[in-house]
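Read off the chains here:
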Amino acid sequence: MCSPPILEVTDVTRHYASGRRWPLGSASRVHAVDKVSFTLGERETLGLVGESGCGKSTLGRMLVALDRPTSGTIRYRGEDIHRLSRAGLKALRRKIQIVLQDPYTSLDPRMTVGDIVAEPLAVHGEGTPAERRNRTRELFELIGLNPDHVNRYPHEFSGGQRQRIGIARALALGPEIVVCDEPVSALDVSVQAQVLNLLADLQEQLNLSYVFIAHDLTVVRQISHRVAVMYLGKVIEVGPEGVVYGQPRHPYTQALLSSAPPTDPDMAREQEVIMLNGDPPSPAEPPSGCRFRTRCWKAEEVCAVHEPALVEGAASGHLTACHFAPAASVQVDG
Amino acid sequence: MSDTTRKGNTMATEHLLEVHDLQVEFGGEDGPVPVLRGVSWHVDRGETLAILGESGSGKSMTAQVIMGILEAPPARIGGGSVRWNGRDLLGLPEAARREVRGQGIGMVFQDSLSALNPVLRVGPQIGETLRTRLGLSRGEARDRTVELMRQVRIPDAEQRYRQYPHQFSGGMRQRAVIAMALALSPDVLIADEPTTALDATVQVQILRLLQTLQGESGMGLVLITHDFGAAASIADRVAVMYAGRVVETGMVRDIFRRPAHPYTKALLDAVPRADRRAGQLAALPGQPPVLGKETSGCPFRFRCPLAETVCEEREPVLSEHAQGRWSACHLGKDVIAGVLTAHS
Ligand SMILES: Nc1ncnc2c1ncn2[C@@H]1O[C@H](COP(=O)(O)OP(=O)(O)OP(=O)(O)O)[C@@H](O)[C@H]1O
Ligand SMILES: Nc1ncnc2c1ncn2[C@@H]1O[C@H](COP(=O)(O)OP(=O)(O)O)[C@@H](O)[C@H]1O
Ligand code: SF4
Ligand code: SF4
Ligand SMILES: [Mg+2]
Ligand SMILES: [Mg+2]
């Protein structure tokens with residue numbers, strides 16, 4: 001994307017005072033997100049992929065100013081979103097919206113779905129009640145729900161439909177950027193495909209930019225133009241979708257890709273799986289140096305001492321944080 | 001477990017575990033709601049059967065009936081049979097069922113975290129059944145448990161034996177739960193979405209572990225999963241469920257290459273791929289069915305691109321359209337022939 005980025009994330013860090021999930025290490029600091037930098041272009045989808053607890057949601061919340069970075073900046077069209085006045089923040093909310101994972105808990109069960117979708121309009125004093133009702137019906141049509149169902153309650157809808165309602169609500173104010181935090185993870189495969197297609201259509205129609213967060217690599221590839229792979233609070237590889245999936249340079253990305261078997265039985269059995277040792281360590285006690293070293297089969301002494309920087313390799317726009325990333329990209333079949 | 005004698009070819013062979021025409025309903029406000037409407041499948045020794053299907057299709061329910069842990073009421077078993085090594089389990093008294101549970105058929109549950117008691121050490125939890133069911137002494141149970149923990153590749157099994165569940169990572173907990181299911185050396189293991197809650201790199205480890213354990217013991221493995229890739233990697237055969245029925249079953253290669261049911265085909269097309277990016281995914285229209293709604297004809301017809309008049313009139317039964325190719329579709333032969341493949 002050549003136009004200046006719409007969103008610019010620079011060295012964003014979020015530490016929590018103590019680990020929620022690790023009550024024993026009470027004095028520890030959870031390094032939920034650590035010096036993450038990336039940009040998002042207009043009409044671009046950046047996929048953020050990584051295993052649970054690697055900091056994706058924390059990052060997502062900071063992008064929509066629901067949480068503050070411990071350090072670092074997030075700029076929307078050049079403006080630091082965490083230094084905005086109240087009015088500025090309110091204006092920002094129109095431009096950046098979020099869709100959350102769980103279609104079962106993210107909608108208020110006591111509100112009609114019409115009111116849920118119209119709420120941001122009401123909060124921002126947008127239009128008269130009648131105009132808001134019209135806009136709500138439009139939004140229902142846009143996301144493929146029957147506008148006559150605005151007076152129903154969330155429990156009357158399936159998971160996929162509720163996710164559409166969440167998307168309609170996020171679109172109500174006409175945002176430019178939508179952060180989607182695992183929007184299809186709770187959905188069955190057939191419904192997941194519908195929602196992914198819908199998001200792609202909406203991007204075309206409304207010129208949206210997405211930050212699309214998911215732990216499922218295949219889902220991320222399907223929707224993203226560029227992909228950033230996270231591990232323990234860090235972006236360890238980022239680049240265009242085809243390059244990251246086709247020629248991954250970071251050992252973790254390689255392992256992650258090798259653990260997504262294709263649906264062809266022979267190919268699935270032939271696929272060489274890179275088996276990592278154990279599980280990801282706790283972000284309350286990240287390993288020194290390279291955070292991946294405790295599971296990395298290429299690790300050497302230097303990896304425990306020096307943290308590798310995220311640097312560009314042979315292909316432009318393809319950055320990797322590994323001391324031993326191959327100079328040339330490794331071609332993976334496909 | 002006595003080795004059941006295989007019957008001659010003149011009769012249908014006895015399967016290790018066979019579910020036949022299983023019917024289960026729940027008492028609802030507006031009358032009974034059928035959730036299993038004639039489920040049939042089987043698994044043999046040394047074989048892996050993957051059960052696929054969307055949420056609510058009845059995968060876990062079938063497993064609960066097999067294990068004899070279905071809460072009835074509110075549920076009611078309306079018919080059908082479960083045969084394990086030739087014994088009809090549904091007719092057995094509770095004491096005999098309990099015997100089969102664990103020793104005959106082991107199970108790893110969908111929500112495995114809750115399978116471990118957070119205030120007890122992991123090792124003794126795994127070993128408990130060894131003492132209560134096999135009457136082993138404390139020391140014997142301990143030795144056997146440590147051995148089991150090694151078998152499921154828990155490193156430093158001796159130290160781990162004394163730790164609490166919260167000291168285990170997600171993957172290690174799942175290994176402990178598998179060890180628990182294998183403690184009494186069952187000849188069938190049912191694993192209900194054993195990897196869904198785990199990270200991708202850990203999922204592979206657990207899948208491979210199940211495959212290895214099965215290879216070592218020759219047990220039958222029933223893997224309930226949403227994950228087509230997982231099924232493609234380790235299943236021999238597959239059963240696809242829709243709306244409380246098996247709508248297709250057969251060898252994994254046949255089904256994944258040339259499905260015999262439009263639903264299977266649609267699911268396979270809807271799975272995004274890691275090796276290339278599709279323009280648009282071939283999304284199946286509509287929603288998975290709401291059970292209990294009285295419908296006529298084929299339950300899939302509202303979403304099926306091939307639906308014809310006959311599909312409204314009669315509900316198709318699981319039938320063999322070609323050698324070993326079973327599906328519940330009036331047009332099964334056309335589907336296998338690829339009438340549906342034109343658009344993809
Ligand atoms: N107590 C109950 N009362 C009424 N219906 C129930 C009850 N428990 C389960 N059901 C229904 O039985 C059907 C089968 O449920 P089951 O748990 O077997 O689904 P599943 O295929 O395992 O789905 P998932 O993939 O989500 O685990 C579902 O439609 C479910 O809503
Ligand atoms: N409010 C909080 N207080 C303390 N720790 C938190 C908080 N929110 C998230 N964390 C921790 O930060 C890390 C990253 O979490 P999260 O961003 O939710 O990960 P992901 O979305 O990638 O699964 C985890 O270790 C999590 O437990
Ligand atoms: S820096 Fe070292 S430990 Fe980290 S990924 Fe590269 S080789 Fe592995
Ligand atoms: S029976 Fe008819 S509606 Fe049902 S799956 Fe076959 S073609 Fe489709
Ligand atoms: Mg999250
Ligand atoms: Mg289930």
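As a reminder, the structure under discussion sits directly above these lines.
In short, a report on the structure. Here the structure is a predicted model, which means the values were calculated and not measured.

Quick word on the overall build of chain A
Secondary structure summary: chain A contains 11 helices and 12 strands in total. For chain A, the C-alpha radius of gyration of 21 Å lies close to 20 Å, the compact-globule estimate for 334 residues. C-alpha extents for chain A along the principal axes are approximately 65 × 50 × 45 Å. A burial count over chain A gives 53% of its 334 residues as buried. Pairs at least 24 residues apart make up 65% of the contacts formed inside chain A by residues separated by at least 6 positions. Here chain A has roughly 14,400 Å² of accessible surface; of this, 49% comes from carbon and sulfur atoms. Charge separation in chain A, taken as the distance between the mean sites of 35 positive and 39 negative side-chain charges, equals 8 Å.

Observations concerning the packing of helix α3 (residues 122–134) of chain B against helix α6 (residues 170–182) of chain B
All names here are of chain B. Direction vectors running N to C along α3 and α6 enclose 20 degrees, while the axes themselves pass 8 Å from each other. It follows from the interaxial angle that α3 and α6 lie roughly parallel. The element α3 and its partner α6 pack so that their crossing is right-handed. Across the interface between the two elements, Val122, Gln125 and Ile126 from α3 touch Ala176, Ala179 and Met180 from α6.

What to know about helix α10 (residues 262–270) of chain B
Counting buried positions over the 9 residues of α10 of chain B gives 8, a clear majority of the element. Those residues of α10 of chain B that fall on the buried side of the exposure criterion are Pro262, Tyr263, Thr264, Lys265, Ala266, Leu267, Leu268 and Ala270 of chain B. Among the structural elements, α6 (189–206) of chain A together with α8 (228–234), β9 (237–242), β10 (245–251), α9 (252–257) and α12 (332–337) of chain B are those in contact with the buried residues of α10 of chain B.

Here we look at the sheet that holds strand β4 (residues 75–84) of chain B
Residues and elements named next belong to chain B. In spatial order, the strands read β2-β1-β4-β5; together these 4 strands make up an open sheet with antiparallel pairing. In this open sheet, the two edge strands, each paired with only one partner strand, are β2 (31–43) and β5 (87–88). Pairing of β4 with β5 involves 2 bridges; the strand directions are antiparallel. Within β5, the residue paired with tryptophan 84 across the bridge is arginine 87.

With respect to the site of ligand 4
Every one of the 13 residues lining ligand 4 counts as a neighbour, but Cys298, Cys304, Cys311, Cys329 and His330 of chain B are closest to it. Taken together, the residues of the shell around ligand 4 break down into 10 nonpolar, 2 polar and 1 charged.

Let's talk about the sheet that holds strand β4 (residues 71–76) of chain A
All names here are of chain A. Read from one edge to the other, the open sheet built from 4 strands follows the order β2-β1-β4-β5, with strand pairing classed as antiparallel. The sheet terminates laterally at β2 (30–40) and β5 (79–80), the two strands that pair on one side only. Strand direction decides the pairing type here: strand β1 (residues 7–16) and β4, joined by 5 bridges, are antiparallel. Looking at β4, one finds that glutamate 8 is bridged to arginine 75. Strands β1, β2 and β4 of the sheet are contacted by helix α1 (residues 56–63), whose axis makes an angle of about 125 degrees with β1.

Remarks on the site of ligand 3
Neighbouring residues of ligand 3: 13 residues in total, closest Cys290, Cys296, Cys303, Cys322 and His323 of chain A. The residue inventory of the shell around ligand 3, partitioned by class, reads 9 nonpolar, 2 polar and 2 charged.

Digging into the interface of chain B and chain A
Size of an interface, as often reported, equals the accessible area lost when the parts are brought together. In this complex, chain B contributes 48 residues to the contact, which on the side of chain A involves 48 residues. Both faces considered, chain B and chain A share a buried interface measuring about 3,800 Å² in area, 50% of it formed by carbon and sulfur atoms. When the buried surface of chain B facing chain A is broken down by residue, Thr201, Ala274 and Arg277 of chain B rank first, second and third, together holding 17% of it. Counting every contact that joins chain B to chain A gives 3 salt bridges. The closest approach of N and O atoms between aspartate 266 of chain A and arginine 257 of chain B, which form a salt bridge, is 2.5 Å. One can count 19 residue pairs in polar contact (both at pLDDT 80 or more) joining chain B with chain A. When contributions to the side of chain B that touches chain A are tallied by element, the ones reaching two or more residues are α6, α7 (200–217), α8, α9 and α10 of chain B. Considering every element that reaches the side of chain B that touches chain A, the biggest residue donor is α8 of chain B, with 7 residues.

What to know about the pattern of salt bridges
Within this structure, the stated rule accounts for 33 salt bridges over all chains. Across the salt bridge formed by glutamate 51 of chain A and arginine 295 of chain A, the nearest N and O atoms sit 3.7 Å from each other. Here the residue glutamate 51 of chain A occupies a position in the loop between β3 (45–49) and α1, and arginine 295 of chain A occupies one in the loop between α10 (265–270) and α11 (301–305), the gap between them amounting to 244 residues. Given the relative accessible area of 4%, glutamate 51 of chain A is considered buried. Residue class for arginine 295 of chain A comes out buried when judged on its relative accessible area of 2%. With a shortest N-O distance of 3.1 Å, aspartate 269 of chain B and lysine 265 of chain B are connected by a salt bridge. Remark: lysine 265 of chain B and aspartate 269 of chain B occur in helix α10; sequence separation between them is 4 residues, near one turn of the helix. Lysine 265 of chain B gets classed as buried once you look at its relative accessible area, which sits at 9%. Each of Asp34, Lys234, Arg291 and Glu307 of chain A takes part in one network of salt bridges that share partners.

Considering α3 of chain B
All names here are of chain B. The end-to-end C-alpha distance of α3 is 19 Å, a good match for the 18 Å that 13 residues give at a rise of 1.5 Å each. Approximately 25 degrees is the largest bend angle found in α3, and it occurs at glutamate 128. Residues Val122, Gly123, Gln125, Ile126, Gly127 and Leu130 constitute the buried set of α3. At its buried positions, α3 is contacted by α4 (138–151), α5 (157–161) and α6.

What counts as what
- Residues numbered from 1 in each chain as written.
- Chains lettered and ligands numbered in written order.
- Predicted model: local features only at pLDDT ≥ 70, side-chain atom pairs only at ≥ 80, totals over all residues.
- Heavy atoms only, no water.
- Helix = DSSP H or I, 4+ residues; strand = E, 2+ residues; numbered from the N terminus.
- Rg over C-alpha atoms; globule rule 2.2 N^0.38 Å.
- Buried < 20%, exposed > 50% of the residue type's maximum accessible area, 1.4 Å probe, protein only.
- Contact = heavy atoms within 4.5 Å.
- Areas by Shrake-Rupley, 256 points an atom, 1.4 Å probe, with all protein chains shown as cover.
- Lys, Arg positive; Asp, Glu negative; His and termini not counted.
- Charge placed at Lys NZ, Arg CZ, Asp CG, Glu CD.
- Axes fitted to C-alpha atoms, helices over the stretch in contact; angles between N-to-C directions.
- Parallel < 35°, antiparallel > 145°, perpendicular 65-115°, else oblique.
- Left-handed = near helix turned anticlockwise from the far one by under 90°.
- Pairing = 2+ DSSP bridges.
- Near = heavy atom within 4 Å.
- Nonpolar A, V, L, I, M, F, W, Y, C, P; charged D, E, K, R; others polar.
- Buried area = accessible area lost by both parts, 1.4 Å probe.
- Salt bridge = Lys/Arg side-chain N within 4 Å of Asp/Glu carboxyl O.
- Polar contact = N/O pair within 3.5 Å; in protein donor to acceptor, adjacent residues only side chain to side chain.
- Expected span 1.5 Å × (residues − 1).
- Bend = angle between axes of the 7 residues up to and from the residue.

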